[in-house]
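Now for the letters of each chain:
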Amino acid sequence: MVQELLQVLCEELALPRPSASEKKTFLLTLGQARIEFTDLLPGVSMQAPICPCPEKKREEFFSYIMRANLLGQGTGGARIGLSAEEKLLTLSLGLPYEMNYQAFREKLEDFINYLVYWREEVTKFMKQTTLL
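A. The arrangement of the environment of valine 122 in detail. Here valine 122 lies in helix α3 (residues 101–131). Using a relative accessible area of 2% as the deciding quantity, one classes valine 122 as buried. Separated by 70 residues in the primary sequence, valine 122 and proline 52 place their C-alpha atoms 9.2 Å from one another. Look past the residues within four positions of valine 122 in its chain and what remains in contact with it is Ile50, Cys51, Pro54, Phe61 and Leu89.

If you want it as structure tokens, here you go:
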């Protein structure tokens, strides 16, 4: 399912086909966003790095992120987490149901918008902590 949806997206946007792995994951670069798609059969999950995790005032920052994650209100239903190495903040969205291309594209667009938003928010947070 994911492969077909990504194929239509790539044709529509004149992008090269995404690279695939054996784990049914596909990596697609859209501008500054590198998004990994996984086929959930049915459905799709998306994950992308936001940026390196701030070093200063981590506890305060994690509290801020937890409020954003609460019921998905600050993330559009996605969730902010840490990479396995705890060095990168990631944004993840699971859509465990069948969907048509239009629904997929709308969810992807929202996902990218939240990704950009959180990159900006983390940058603002880091600037504020260096001024304090």
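B. Spatial organisation of the environment of methionine 1. With respect to the helices and strands, the residue methionine 1 is situated in the segment before α1 (2–13). Note: C-alpha distance between methionine 1 and proline 42 (41 residues apart in sequence) is 7.5 Å. Those residues in contact with methionine 1 that sit more than four places away from it in its chain are Asp39, Gly43, Tyr97, Glu98 and Met99.

C. Structural context of the pairing of strand β5 (residues 79–82). When β5 meets strand β6 (residues 88–95), the two strands line up antiparallel, connected through four bridges. By the bridge assignment, glycine 81 is partnered in β6 with threonine 90. Between β5 and β6, which pair antiparallel in sequence order, lie five residues; one of them, glutamate 86, sits at a positive phi of approximately 60°.

D. Geometry of the pattern of salt bridges. Counting across every chain of the model gives two salt bridges. Among the ionic pairs, arginine 105 bridges to glutamate 12, the shortest N-O distance being 1.6 Å. Here glutamate 12 lies in helix α1 and arginine 105 lies in helix α3, a separation of 93 residues in the sequence. Across the pair lysine 124 and glutamate 121 runs a salt bridge whose closest N-O atoms are separated by 3.3 Å. Here lysine 124 and its partner glutamate 121 are both found in helix α3, three residues apart, which amounts to about one turn of the helix.

E. Molecular detail of helix α2 (residues 58–69). Relative to the 16 Å expected for 12 residues at 1.5 Å per residue, α2 spans 16 Å between its end C-alpha atoms, a close match to the ideal helical length. Every buried residue of α2 is accounted for by Phe61, Ile65 and Ala68. One side of α2 holds all its buried residues, which, seen down the axis, span an arc of 50°. α2 presents Glu59, Met66 and Arg67 as exposed residues on the side facing more than 90 degrees away from its buried surface. Trailing α2 by a residue or two, leucine 71 shows a phi angle of about 55°, which is positive.

F. Just α1, in detail. Here α1 spans 16 Å end to end across 12 residues, near enough to the 16 Å set by a 1.5 Å rise per residue. Those residues of α1 that fall on the buried side of the exposure criterion are Val2, Leu5, Leu6, Leu9 and Cys10. The buried residues of α1 occupy one face: seen down the axis, they fall within an arc of 135°. Immediately beyond the C-terminal end of α1, within one or two residues, lies alanine 14, with a positive phi of roughly 55°.

What counts and what doesn't
- Residues numbered from 1 in each chain as written.
- Predicted model: local features only at pLDDT ≥ 70, side-chain atom pairs only at ≥ 80, totals over all residues.
- Heavy atoms only, no water.
- Helix = DSSP H or I, 4+ residues; strand = E, 2+ residues; numbered from the N terminus.
- Buried < 20%, exposed > 50% of the residue type's maximum accessible area, 1.4 Å probe, protein only.
- Contact = heavy atoms within 4.5 Å.
- Pairing = 2+ DSSP bridges.
- Salt bridge = Lys/Arg side-chain N within 4 Å of Asp/Glu carboxyl O.
- Expected span 1.5 Å × (residues − 1).
- Arc of directions from axis to C-beta.

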